Amino acid sequence: MPSVDLTGPSRIRTDRLVVRRFAPDDGEGLHGYLSRPEAVRFEPYDVQTRAQCDELAAARAHDPSFWAVCLQDDGTLVGNLYLHHDEPRAWRGHSLGYVFHPDHWHRGYATEACRALLDVCFDQWGAHRVTAHCDPRNEASWRLLERLGLRREGHFRQSASFSTDDAGRPLWHDAYLYAVLDSEWRPAND
Ligand SMILES: CC(C)(COP(=O)(O)OP(=O)(O)OC[C@H]1O[C@@H](n2cnc3c(N)ncnc32)[C@H](O)[C@@H]1OP(=O)(O)O)[C@@H](O)C(=O)NCCC(=O)NCCS
């Protein structure tokens with residue numbers, strides 16, 4: 001079985017982007033998009049303050065699941081990826097997530113960054129299966145997953161709740177499950 005080394009590489013270059021580990025001083029860049037309601041609408045958290053973003057940057061600098069996505073030209077932080085090695089680790093499953101700066105949507109950056117990280121995940125870390133969940137109302141998200149070659153495998157009814165109504169009752173929402181296998185990734189992305 002291929003070994004899974006989540007410690008490297010620490011930096012991936014694509015045509016237009018650098019996908020790298022977070023640094024403790026990325027708080028300002030994070031705040032650029034995590035302060036935008038449209039960026040966090042489907043996230044399990046609300047808009048973040050500058051102080052919260054500084055804390056997040058410090059935490060993400062030590063969390064190998066988070067990746068900062070920057071423009072090659074000037075280093076601007078345009079978004080982040082999340083790729084978590086799931087338990088049990090021997091099954092070699094990984095969960096994908098992403099949030100990009102609304103000012104940089106519709107340019108193909110999310111597709112380019114995800115494709116590069118999944119190349120590394122399958123080819124270097126020996127992943128077997130990569131999955132992603134998204135709210136069915138989040139069309140930009142599931143369109144991205146389908147562009148990458150993930151397949152819709154499930155539609156879970158009222159499977160998550162990130163907020164409550166005025167009476168404190170959970171507001172439920174559905175989730176799609178998407179996935180791609182190692183045997184499917186390479187041919188689709190050659
Ligand atoms: C999900 C999200 C990352 C998708 O962003 P996006 O801008 O649609 O995705 P990309 O950066 O890959 O851009 C693709 C779009 O740019 C277009 N595009 C323009 N130039 C392009 C280029 N050079 N290369 C590729 N695509 C290009 C594509 O045609 C595509 O448009 P379409 O969806 O209308 O067909 C973004 O909506 C987001 O951050 N949302 C908030 C966070 C969120 O909801 N996360 C998911 C939680 S499950």
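Residues numbered from 1 in each chain as written. Predicted model: local features only at pLDDT ≥ 70, side-chain atom pairs only at ≥ 80, totals over all residues. Heavy atoms only, no water.

The name given to the protein in an unreviewed UniProt entry is N-acetyltransferase, with Cellulomonas persica as the source organism.

Draft legend 1. Broad picture of unusual backbone geometry. The omega angle of the peptide bond from Glu 87 to Pro 88 is -10 degrees, so this bond is cis rather than trans. Tracing the chain through its elements places Pro 88 in the loop between β4 (77-85) and β5 (93-100). Although it is not a glycine, His 106 adopts a positive phi angle of roughly 65 degrees. Relative to the assigned elements, His 106 resides in the loop between β5 and α4 (109-123). A positive phi angle, close to 45 degrees, is found at Gln 158, a residue other than glycine. (Helix = DSSP H or I, 4+ residues; strand = E, 2+ residues; numbered from the N terminus.)

Draft legend 2. Seen up close, the pairing of strand β2 (residues 17-21). Taken across its 5 residues, β2 has 5 buried, putting it largely inside the fold. Where strand β1 (residues 11-13) lies against β2, 3 bridges are found, and the strand directions are antiparallel. Pairing of Arg 11 across the sheet is with Arg 20, part of β2. Remark: 3 residues form the turn of the hairpin made by β1 and β2, two consecutive strands paired antiparallel. Examined bridge by bridge, β2 and strand β3 (residues 66-71) share 5 bridges and lie antiparallel to one another. Of the residues in β3, the one forming a bridge with Arg 21 is Trp 67. (Buried < 20%, exposed > 50% of the residue type's maximum accessible area, 1.4 Å probe, protein only. Pairing = 2+ DSSP bridges.)

Draft legend 3. Region of interest: the confidence of the model for the protein. Confidence in the prediction of the protein, expressed as mean pLDDT, is 94, and 94% of residues score 70 or more. Confidence drops under pLDDT 50 across residues 1-6; counting only partners more than four residues distant or on other chains, this segment forms 17 contacts. (pLDDT = per-residue confidence, 0-100. Contact = heavy atoms within 4.5 Å.)

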